[in-house]
Amino acid sequence: MKGRFQLGLMVAVLIVAGLGLTLYKHFALGFPLLGKDISTVWSVEAWVSFKAQGEAAQASLTLPDQQSDVRILDESFASPGYGINQTNDGGQRRAVWSTRKADGRQDLFYKVKLRLEPGISPSVNDQPEPFIAPVLPEPYQTAATSLLNQVTDRSADPVSFAGTMINQFNAKEPDQNANMLLGMVEEGVRLPDLLVNLLHMGNIPARIVRGLHLEDGRRRQPIVDMIEVYDGTQWQLFDPKTGKAGNPDAFFLWQRGAKSLLDVMGGVNSDVKFSIISQNVPTRELALTQATQDGAALIDFSIYSLPLEVQNAFKIILLIPIGVLTVLFMRIVVGLRTSGTFMPVLIAMAFLQTQLIPGLVIFISLVSIGLWIRSFLSQQNMLLVARLGAVIIVVILIMAAMSILSWKLGITQALTVTFFPMIILAWTIERMSILWEEEGPKDVFKEGGGSLLVATMSYLLMSNPIVEQLTFNFPELMLTLLGIVLLLGQYTGYRLLELKRFYPLVHSVDSVHSVHSEK
């Protein structure tokens, strides 16, 4: 009783652990559960160009940071002849290219790959910095004061204040105060800078941010100025041209703050252009990259950390438990006899290389020829080991002959005969030959047919794309399979095929009961 309890507990732990880890990898790490999901990855390239003047040159470009709803996957730089360093300028990352001497046109590249992931939010301390309210020259100061008083009366919080004020400037017929302040824009002041100054005059933390609308195939995409307003708990994004609040769809923030986007020393005519392209990549590869970057222990200590050659080997090995489970179910629950316990699994693995129909033809041909030759050897009164050795050599000769003959006839599919395990084939021939001598051909066909049926079922399961994906992407399911195998090991009930054998007995018992009841 104690042993059964321990085994039951172990089975439960194995099944729950396997399923739990699988669900964790799916929901937490993003591994696709079914099908070959595709995810979109955006590549944004910044192309910095300037004309060097034959002296030391240095270019500094603002780099994007991790942000809400966006995951930066990879960054790369291309700058022949330049040294590259990354610096932190007041919380903003910058790339600094430098060289001792440069002359003529210079081209520097920065590329970032990112994925839009709604819901993710990096844990960064992004509190507003202290600011001083500016004082505008007259008569703009008077107009600004009057406008701020109007906006204050019509708003309730920083967000509504910002939205109301921006709408004043975007109205078809701005009032006299907004119209006066728009004169500063005509004099060269940028509208986002003017709006941020007015928000500071209203004692509201605000800043300029720059970003890109992600559109596939865009070249020379202009960077867009936006405004962020701090509402007391978080920053709210505003479009200064429309007054609309909230993050636009597929918008990638490149820079926060009004500092310059690009600085160049030792060169003139500097410029930065942005190009955007999207690519569809398998979600599994993307999830694997992200989990590796995040240092997920489940990935760090998994088969994914092995060389690709070894991973490919495990891709086949992890299918074997599926075949094993099929064999156990057919033998223990169904009651089907097979030649050799797990020989059908090895045949199914050979079928994976030969395909099903060619594999069946090759297997039946090999075994048939082997049985014919084995019948001759049995008449020679040889020792078992020597006879088995002779069968192995005969199997190899048959395989070589089939390969040569098929090659000459142009039947290339028969060349896959080499994928069949020779020792197992030889042992199968020996076992069937003995069975033929002791039980007759009927049992040979029964075991052989049972083996091929189980091998075919195993092949169909092992070659299923969903099964292949589940076993390779979620090797934790092996724990669940192990629990099921242990559970099958405790099965002591009738086999399904035995029900047919006992049916006449049950029928006769029912007849006896009916006779007694009539009496």
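Use the structure listed above.
Residues numbered from 1 in each chain as written. Predicted model: local features only at pLDDT ≥ 70, side-chain atom pairs only at ≥ 80, totals over all residues. Heavy atoms only, no water.

Visitor: Looking at this structure, I do not really get the side chain of Arg94. What am I missing?
Guide: Assignment of secondary structure puts Arg94 in strand S4 (residues 92-116). According to the relative accessible area criterion, Arg94 is buried, its value standing at 5%. Looking at Arg94, its side chain comes within polar contact range of the side chain of Thr62, at 2.7 Å. Ignoring sequence-local partners within four residues, the contact set of Arg94 consists of Ser60, Leu61, Thr62, Leu63, Asn85, Gln86, Thr87, Asp89, Ser260, Leu261, Leu262 and Asp263. (Helix = DSSP H or I, 4+ residues; strand = E, 2+ residues; numbered from the N terminus. Buried < 20%, exposed > 50% of the residue type's maximum accessible area, 1.4 Å probe, protein only. Polar contact = N/O pair within 3.5 Å; in protein donor to acceptor, adjacent residues only side chain to side chain. Contact = heavy atoms within 4.5 Å.)

Visitor: Looking at this structure, I do not really get the nonpolar core. What am I missing?
Guide: Looking at soluble globular proteins, one finds that nonpolar side chains tend to be buried together. In this structure, Phe31, Ile299, Phe351, Leu366 and Phe420 are the most contacted members of the largest nonpolar core, which totals 56 residues. Here this core gets eight residues from one element, more than from any other, and that element is helix H11 (residues 356-377). Excluding anything up to four places from it in sequence, Phe420 contacts Ile347, Ala350, Phe351, Thr354, Gly359, Ile362, Phe363, Met399 and Leu425. (Core = buried A, V, L, I, M, F, W, Y, C linked by side-chain atoms within 4.5 Å.)

Visitor: Any chance you could explain unusual backbone geometry here in plain terms?
Guide: Keep in mind that most residues, glycine aside, have a negative phi and that most peptide bonds are trans. With an omega dihedral of 10°, the bond running from Glu138 to Pro139 counts as a cis peptide bond. Look at Asp69: it is not a glycine, yet its phi comes out positive at around 65°. Within the secondary structure, Asp69 sits in the loop between strand S1 (38-62) and strand S2 (70-78). We note that Ala250 has phi near 50°; this positive angle belongs to a residue other than glycine.

Visitor: How should helix H15 (residues 465-473) be read in this particular structure?
Guide: Side chains of residues three or four places apart in an α-helix project in the same direction, reflecting 3.6 residues per turn. Along H15, the residues classified as buried are Val467, Gln469, Thr471, Phe472 and Asn473. N-cap assignment for H15: the residue whose side-chain oxygen lies 2.8 Å from the backbone N of Ile466 is Asn464.

Visitor: What exactly am I supposed to notice about the pairing of S4 here?
Guide: Side chains on a regular strand alternate between the two faces of the sheet. Sheet analysis places S1 next to S4, joined by 19 bridges and oriented antiparallel. Within S4, the position partnered with Ala52 by the bridge is Gly104. Summarising the sheet, S2 and S4 pair through eight bridges and their orientation is antiparallel. Residue pairing in the sheet places Phe77 in a bridge with Tyr110 of S4. As defined by bridge partners, strand S3 (residues 83-89) adjoins S4 across seven bridges and the pair is classed as antiparallel. By the bridge assignment for S4, Ile84 is matched with Trp97. Connecting the antiparallel pair S3 and S4 is a turn made up of two residues, with Gly90 showing a positive phi of about 60°. (Pairing = 2+ DSSP bridges.)

Visitor: Even after reading the chapter, I still don't get the packing of aromatic side chains, so can you show me in this structure?
Guide: One pair of aromatic rings is described through two measures. These are the centre distance and the angle between the planes. Taken as a whole and judged by the stated rule, the model has 10 aromatic pairs. When the centroid spacing of 6.1 Å and the interplanar angle of 70° are considered together, the rings of Phe77 and Trp97 count as edge-to-face. Highlighted residues: Phe77 in strand S2 and Trp97 in strand S4, separated in sequence by 20 residues. With centroids separated by 5.1 Å and ring planes inclined at 40°, the aromatic side chains of Phe77 and Tyr110 adopt a geometry described as tilted. Of this pair, Phe77 sits in strand S2 while Tyr110 sits in strand S4, and the two are 33 residues apart along the sequence. Note on Tyr110: relative accessible area 0%, which makes it buried. Of note, Lys273 hangs over the ring of Trp47, and the distance from its end group to the ring centre comes to 5.3 Å. Looking at Lys315, its charged tip hangs above the ring of Phe472, at a distance of 5.5 Å from the centre. (Phe/Tyr/Trp six-rings, centres within 6.5 Å; stacked < 30°, edge-to-face > 60°. Lys NZ or Arg CZ within 6 Å of the ring centre and 35° of its normal.)

Visitor: I'm lost on the sheet that holds strand S7 (residues 235-238) in this one. Help?
Guide: Strands pair in a sheet through their backbones, by hydrogen bonds, and they do so in one of two ways: parallel or antiparallel. Taking strand neighbours across the sheet as the criterion, the four strands line up as S7-S6-S5-S8 in an open arrangement whose pairing is antiparallel. Where the open sheet ends on each side, the last strands, each with one partner, are S7 and strand S8 (251-256). Neighbouring strand axes in the sheet, compared pairwise and without regard to direction, differ in orientation by 40° on average. Here strand S5 (residues 206-213) runs beside S8; their pairing, made up of five bridges, is antiparallel. Looking at the pairing, His213 lines up with Phe251 of S8. (Axes fitted to C-alpha atoms, helices over the stretch in contact; angles between N-to-C directions.)

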